[in-house]
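Fold and geometry: a report
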Amino acid sequence: MNESLILGIETSCDDTSVAILRGEREILASVVSSQNELHAPFCGIVPEIAARRHLELILPITQQVLSEAKVNMDQITGIGVTTRPGLVPSLVVGLSFAKALAWSRRIPWVGVDHLEAHIFASFLEGEIEFPFLALVVSGGHTSLFVVKGYGELQLLGETRDDAAGEAFDKVASLLQLGYPGGPVIDKAAKEGDPALFELPRPYMKETWDFSFSGLKTAVVHLVKREGIKPGSPEVNHVAAGFQEAVVDVLVAKTLRAVKELSIPRVVVAGGVAANSRLRRRFEEVAKEESLTIKVPPLSLCGDNGAMVAFVARYRLEMGERSPWHEDVRSRTGY
Ligand code: KG4
Ligand code: ZN
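Per chain, residues are indexed from 1 in the order of the written sequence. Here chains are named by letter from A upward and ligands by number from 1 upward, in the order in which they appear as written. This being a predicted model, a pLDDT of at least 70 is required before a residue's local features are given, and a value of 80 or more before pairs of side-chain atoms are given or counted; all residues contribute to the totals for chains, interfaces and linings. Side-chain figures throughout are based on the complete set of non-hydrogen atoms in the structure, without hydrogens or water.

Observations regarding the sheet that holds strand β2 (residues 16-22)
- Being paired, for any two strands, means DSSP has found at least two bridges between them. The way it works is that DSSP assigns letters per residue, a run of H or I at least four long becomes a helix, a run of E at least two long becomes a strand, and they are numbered from the N terminus. With mixed pairing, 5 strands are arranged side by side in an open sheet as β3-β2-β1-β4-β5. With partners counted over all chains shown, the strands left at the sheet margins are β3 (26-33) and β5 (109-113), one partner each. Along the sheet, successive strands turn relative to each other by an average axial angle of 20 degrees, direction set aside.
- Pairing analysis gives 5 bridges linking strand β4 (residues 78-84) to β5, with the strands arranged parallel. Looking across to β5, one finds that V81 is bridged to G111.
- Relative to β2, helix α2 (residues 47-69) is tilted by about 25 degrees, and along the sheet it contacts β1 (5-10), β2 and β3.
- Where helix α11 (residues 305-317) meets the sheet, its contacts fall on β1, β2, β3, β4 and β5, and the angle it forms with β1 comes to roughly 130 degrees. All axes here are fitted lines through C-alpha atoms, helices being fitted over the stretch that makes contact, and every angle between N-to-C directions spans 0 to 180 degrees. Here a residue-residue contact requires only that any non-hydrogen atoms of the pair lie within 4.5 Å.

The following block contains the structure:
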């Protein structure tokens, strides 16, 4: 049997991403086009602007990926496209494009859940034994899952308000550090002392859920109370303190799940998994507690088409096909 060649399409938020995956984990080509500069003036993503940009870019990026991979459309054996969760106008562009390609070329296709794709991004680097815990931390989600097999996700808990990435973006905007907030806070925090300003840790020990809006409000009060001015050195201390609080909560809850459920394997996924402090802390914890903790390389933390192609490959191989009337959804199915 010829090896599969899967086209993965991801337009759930503000990155237009397409990749071609050969077999299980050989990424032949992958392009991620960021829209950061378009949304920066608004300190957040404007859905209509994002969708219009996807519309402009989706075909040229697909052509670029095919050309880089030296593959033509006739060789593509399957298509995977993110259909949920995400911004509806953005998702519609990717899904309509995928349907048109699949219809015109008679290629099997399947809609993919974005959170499942983030979790299985780590598998592009090698398999992880089931079951494992998955912490998905992105701009839209903070969720803890038990993953029992391919596509078998059991939600333990999720954020009740702001996602971790969203909190990074809002705090960065408050401190006038720029957008997206994660990378700029990560950088500023390196120059700051995390212990200088006291900030709360919303551990929520009675549940697997998370909550970050109180922490964000505490930063607002701190900045007002101390009269912290944008551009001052204190901004770095606030950034470091905030980042440390988020990381403390994420690591503590994950570790609690490891112990209570006796699952010594963890996958950390999503855009916030790029955070250098979070990566370092999980590395330390893995050593101290003898755990397997997998954090994907930076190129696979943020949104990308390769992770969508990975999920599409196993779903298509299991015989799954999406119906032509498949629609997009703003919420995850998990
Ligand atoms: O997974 P992703 O690319 O898109 C969504 O599915 O939301 O995640 C984007 C989020 C943004 O909130 C961004 O600020 C955050 O990931 N992020 C980071 C870092 N790099 C990106 N957060 C903390 N530290 C980083 N280095
Ligand atoms: Zn994402």
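So, the coordination of the zinc ion (ligand 2)
- Bound to the zinc ion (ligand 2) on the protein side are H114 (NE2), H118 (NE2) and D303 (OD), at distances that span 2.0 to 2.1 Å.
- Partly exposed describes any residue whose relative accessible area lies between the buried limit of under 20% and the exposed limit of over 50%, with all areas from a 1.4 Å probe on protein chains only and scaled to the type maximum. When its relative accessible area of 6% is taken as the criterion, H114 is described as buried.
- Judged by relative accessible area, which is 1%, H118 ranks as buried. Coordination shells were defined by N, O and S atoms within 2.8 Å of each metal, extended to 3.2 Å for Na, K and Ca; water is absent from the atom set, which can make sites look incomplete.

Re the pairing of β4
- Taken across its 7 residues, β4 has 7 buried, putting it largely inside the fold.
- Sheet analysis places β1 next to β4, joined by 4 bridges and oriented parallel. Counterpart to G8 in the pairing with β4 is G80.

Remarks on the domain arrangement of the protein
- Throughout, the edges of the domains are those of an automatic or database domain assignment. Here the domain parsing of the protein yields domain 1 (5-120 + 300-317) and domain 2 (131-296).
- Look at where the C-alpha atoms of domain 1 and domain 2 centre, and you get two points 27 Å apart.
- Between domain 1 and domain 2, the contact holds 20 residues from the first and 22 residues from the second.
- Buried area counts how much accessible surface, traced with a 1.4 Å probe, disappears from two parts once they are put together, with both parts' losses summed. Across the domain 1 to domain 2 interface the summed buried area is about 1600 Å²; carbon plus sulfur atoms make up 77%.
- When the buried surface of domain 1 facing domain 2 is broken down by residue, L115, I119 and C301 rank first, second and third, together holding 40% of it.
- One speaks of a salt bridge when a side-chain nitrogen belonging to Lys or Arg is within 4 Å of a carboxyl oxygen belonging to Asp or Glu. Put simply, domain 1 and domain 2 have 0 salt bridges between them.
- Polar contacts, as counted here, are pairs of nitrogen or oxygen atoms within 3.5 Å of one another; within protein the pair requires one atom able to donate a hydrogen and one able to accept it, and residues that are adjacent in sequence qualify only if both atoms are side-chain atoms. Summed over the shared surface of domain 1 and domain 2, the result is 2 residue pairs in polar contact (both at pLDDT 80 or more).

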